[in-house]
Amino acid sequence: MTAAFDIRAAFPADARLIATQRVAMFRDMGRTTPEIEQPLLDSSAEYLEKALASGEYAGWVAQLAASPHTPIGGAGVQFRPLVPRTDPTGRRLLEGREGLI
């Protein structure tokens, strides 16, 4: 039996696709309006293209395994600098980057 879908790493060329999925996510959550969707799409696509190229954002695209390999979902993580802080015990310093999923 073959898989119904494949998961692949996202590339800068996928920025508009991921931005489209992001707008749909906010729409489904009831956190957007028709007037803001285009600016959100454009702004997200611009950010994601740069962030995917720089490694600030890592993403994955789920697509149908059979041609035409239609995208059906995705996931991603944004890496950002961590303001130094202590761990929950207060005995160890946490530094570096953290991921926002």
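Residues numbered from 1 in each chain as written. Predicted model: local features only at pLDDT ≥ 70, side-chain atom pairs only at ≥ 80, totals over all residues. Heavy atoms only, no water.

Observations regarding the pattern of salt bridges
Part 1: If you walk through the whole model with that rule in mind, you get 7 salt bridges.
Part 2: Residues R8 and D14 are paired through a salt bridge, measuring 2.9 Å at the closest nitrogen-oxygen approach.
Part 3: Looking at D14, the relative accessible area reads 10%, which means it is buried.
Part 4: Ionic pairing is found between E37 and R27, a salt bridge with its closest N-O pair at 2.9 Å. In this pair, E37 sits in helix α2 (residues 34-54) while R27 sits in helix α1 (residues 15-28), placing the two residues 10 residues apart along the sequence.
Part 5: On the basis of relative accessible area, R27 is assigned to the partly exposed category, the value being 43%.
Part 6: One network of salt bridges, with partners in common, ties together R80, R85 and E98. (Salt bridge = Lys/Arg side-chain N within 4 Å of Asp/Glu carboxyl O. Buried < 20%, exposed > 50% of the residue type's maximum accessible area, 1.4 Å probe, protein only. Helix = DSSP H or I, 4+ residues; strand = E, 2+ residues; numbered from the N terminus.)

Digging into the nonpolar core
Part 1: Within the largest apolar cluster, 12 residues are counted, these being A10, A15, I18, A19, V23, L41, A45, L48, A51, L52, Y57 and V61.
Part 2: Residue assignment for this core shows that the elements contributing at least two residues are α1, α2 and β2 (57-64).
Part 3: Once residues lying within four places of it in the same chain are set aside, the contact partners of A19 are L41, S44, A45 and L48. (Core = buried A, V, L, I, M, F, W, Y, C linked by side-chain atoms within 4.5 Å. Contact = heavy atoms within 4.5 Å.)

Side note on the sheet that holds strand β1 (residues 5-9)
Part 1: In spatial order, the strands read β1-β2-β3-β4; together these 4 strands make up an open sheet with antiparallel pairing. Every other strand in the sheet has two partners, leaving β1 and β4 (93-100) as the edge strands with one partner each. Shown here is a sheet whose adjacent strand axes are inclined to one another by a mean of 20°, direction ignored.
Part 2: Alignment of β2 against strand β3 (residues 71-86), held across 7 bridges, turns out to be antiparallel. Bridge pairing in β3 links A58 to V77. (Pairing = 2+ DSSP bridges. Axes fitted to C-alpha atoms, helices over the stretch in contact; angles between N-to-C directions.)

Some thoughts on unusual backbone geometry
Backbone geometry follows two general trends: most residues other than glycine have a negative phi, and most peptide bonds adopt the trans configuration.
Part 1: The amide bond that connects S67 to the next residue, P68, takes the cis arrangement and shows omega of 15°.
Part 2: The topology assignment puts P68 in the loop between β2 and β3.
Part 3: With a phi angle near 60°, H69 is a residue other than glycine that sits in the positive phi range.
Part 4: In this structure, H69 sits in the loop between β2 and β3.
Part 5: Judged by its relative accessible area of 35%, H69 is partly exposed.

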